[in-house]
Amino acid sequence: MNLLRCLTASRFLFILAVFFGASALRAQTPTGEINGTVIDRTGGAVAGATVELTNQETKIADRAQTNSSGYFVFINVQPGQYTLSVAAAGFKTAQVPTFEIAVNQTMTQNMTLDVGAVNQTVEVTAEAPLLQASSSNLGTVISEQAVKELPLNGRNFTQLMILTPGANPVSTAQGSGISTTDAGITAIPGTSFFKPSLH
């Protein structure tokens, strides 16, 4: 009986480890995602429209079809510069000019098609939304140029964490003079780890 309980507990712990491990892997994906809905001027969904996502650096295009609700999605999008176009029979082709996808970014780009010939193209220009509608995750990508040009003390990567909006260096020591950095060994001479408080 005790052996059966141990086996059941072990299975339960294994399932928990797999579940949380998979969640952690999803949260740290190096790719992005683009989704959206295609509608006409009356607000009706345009099903079967061809959505094309083109990488401007490699010129490789990926295609998707909208479903019955006009929804499309591109997953595992490599970071880079892209254009997006939508074509459907009886409608003008709509195209979004070059935009950038960063690591772990989810972008929503809804498109509205005008009636016309497919060989007519309408360029969609929209301001950046105030809210991120696709995900509740918050994050910041520090560009390669910033990493190269910022005066990091000893190339200490933890200093980059305080560049994230909502991050402030804090002291975790109670009643002592220790500052917002750890005085412990960091393997980088003359530097220490920053300890940020997020939001």
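Here, residues in each chain are numbered from 1, in the same order as that chain's written sequence. Since the coordinates come from a predicted model, pLDDT governs what is reported: local features require at least 70, and pairs of side-chain atoms require 80 or more to be given and counted, while whole-chain, interface and lining totals use all residues. No hydrogens and no water enter the side-chain calculation; it runs on all heavy atoms of the structure.

Enquirer: Describe the overall build of the protein chain, naming the residues involved and giving the relevant values.
Expert: Secondary structure elements are defined from DSSP: runs of H or I of at least 4 residues count as helices, runs of E of at least 2 residues count as strands, and each element is numbered from the N terminus. Scanning the protein chain from N- to C-terminus turns up two helices and 11 strands. Shown N-terminal to C-terminal, the secondary structure of the protein chain runs as helices and strands in the order α-β-β-β-β-β-β-β-β-β-α-β-β. When each of the 199 residues of the protein chain is scored for burial, the buried share is 26%. Taking contacts inside the protein chain between residues at least 6 apart in sequence as the whole, the part at least 24 apart equals 60%. For the protein chain, the exposed surface amounts to about 13,400 Å²; the carbon and sulfur share of it is 58%. Relative accessibility under 20% of the residue-type maximum defines a buried residue, over 50% an exposed one, and the middle range a partly exposed one, all with a 1.4 Å probe and only protein chains included. Throughout, a residue-residue contact means that at least one pair of heavy atoms, one from each residue, lies within 4.5 Å. Per-residue and other accessible areas follow the Shrake-Rupley method at a 1.4 Å probe size, with only the shown protein chains counted as cover for residues.

Enquirer: So what's going on with the pairing of strand E3 (residues 61-65)? Which residues, and what values?
Expert: It is a general feature of regular strands that their side chains alternate between the two faces of the sheet. Strand direction decides the pairing type here: strand E2 (residues 50-55) and E3, joined by five bridges, are antiparallel. Of the residues in E3, the one forming a bridge with Glu-52 is Arg-63. Think of it this way: DSSP has to see at least two bridges between two strands before they count as a pair. What sits between E2 and E3 in their antiparallel hairpin is a turn of five residues, with Lys-59 showing a positive phi close to 65 degrees.

Enquirer: Give me a nonpolar patch on the surface: which residues, what numbers.
Expert: A contiguous nonpolar patch, built from Tyr-71, Val-73 and Ile-75 and spanning about 260 Å² of accessible area, is present on the exposed surface. With respect to the helices and strands, Ile-75 occurs in strand E4 (residues 71-77). Nonpolar side chains (Val, Leu, Ile, Met, Phe, Trp, Tyr) within 5 Å and like charges within 9 Å form the patches, drawn only from residues with over 30% relative accessible area and no salt bridge. Salt bridge, as used here, is a side-chain nitrogen of Lys or Arg placed within 4 Å of a carboxyl oxygen of Asp or Glu.

Enquirer: Any chance you could break down the nonpolar core for me, citing the residues and the numbers?
Expert: Core analysis: the largest hydrophobic core is formed by 23 residues, its most contacted members being Ile-34, Val-38, Leu-53, Phe-74, Leu-84, Phe-99 and Leu-113. Only strand E1 (32-40), E2, E4, strand E5 (80-87), strand E6 (93-101) and strand E8 (111-113) provide two or more residues apiece to this core. The element best represented in this core is E6, accounting for four residues. Discounting chain neighbours no more than four positions away, the residues touching Val-38 are Gly-44, Ala-45, Val-46, Val-51, Thr-66, Gly-70, Phe-72, Val-86, Met-111 and Leu-113. To form a nonpolar core, buried Ala, Val, Leu, Ile, Met, Phe, Trp, Tyr and Cys residues must be joined to one another through side-chain atoms within 4.5 Å.

Enquirer: Outline the pairing of E6, supporting the account with residue identities and numerical values.
Expert: Note: E5 against E6, six bridges, orientation antiparallel. When the bridges of E6 are listed, Gly-80 appears paired with Ile-101. The loop that links E5 with its antiparallel partner E6 comprises five residues; one of these, Gly-90, has a positive phi angle of about 85 degrees.

Enquirer: Lay out the sheet that holds E5 in plain terms, naming residues and giving numbers.
Expert: What the five strands build is an open sheet, ordered E3-E2-E5-E6-E9; its pairing is mixed. Strand pairing shows two members of the sheet lacking a second neighbour, E3 and strand E9 (121-123), which therefore form its edges. The mean inter-strand angle of the sheet, taken between neighbouring strand axes irrespective of direction, is 25 degrees. Of the strand pairs in this sheet, E6 and E9 are connected by three bridges, and their pairing is parallel. Pairing of Ala-94 across the sheet is with Val-122, part of E9. Throughout, an axis means a line fitted to C-alpha atoms (over the contacting stretch in the case of helices), and angles, computed between N-to-C directions, take values from 0 to 180 degrees.

Enquirer: Please set out the packing of aromatic side chains residue by residue, giving values where relevant.
Expert: Ring pairs shown here join Phe, Tyr and Trp side chains whose ring centres sit within 6.5 Å, with only the six-membered ring taken for Trp; geometry is labelled stacked below 30 degrees between planes, edge-to-face above 60, and tilted in between. Here the structure, examined in full by the defined rule, presents one aromatic pair. Aromatic pair Phe-72 and Phe-74: ring centres 6.1 Å apart, planes at 65 degrees, arrangement edge-to-face. Using a relative accessible area of 1% as the deciding quantity, one classes Phe-72 as buried.

Enquirer: Can you tell me about the pattern of salt bridges, naming the residues and giving the values?
Expert: Tallied over the full model, the rule gives two salt bridges. Two residues, Asp-114 and Arg-41, come together in a salt bridge whose shortest N-O distance is 2.4 Å. Residue Asp-114 is found in the loop between E8 and E9, and its partner Arg-41 is found in the loop between E1 and E2; the two are separated by 73 residues along the sequence. A salt bridge links Glu-52 to Arg-63, with the nearest nitrogen and oxygen atoms 2.7 Å apart.

Enquirer: Tell me about the environment of Pro-169, residues and numbers included.
Expert: Counting through the fold element by element, Pro-169 comes out in strand E10 (residues 167-169). Using a relative accessible area of 35% as the deciding quantity, one classes Pro-169 as partly exposed. With 27 residues separating them in the primary sequence, Pro-169 and Pro-196 have C-alpha atoms 4.2 Å apart.

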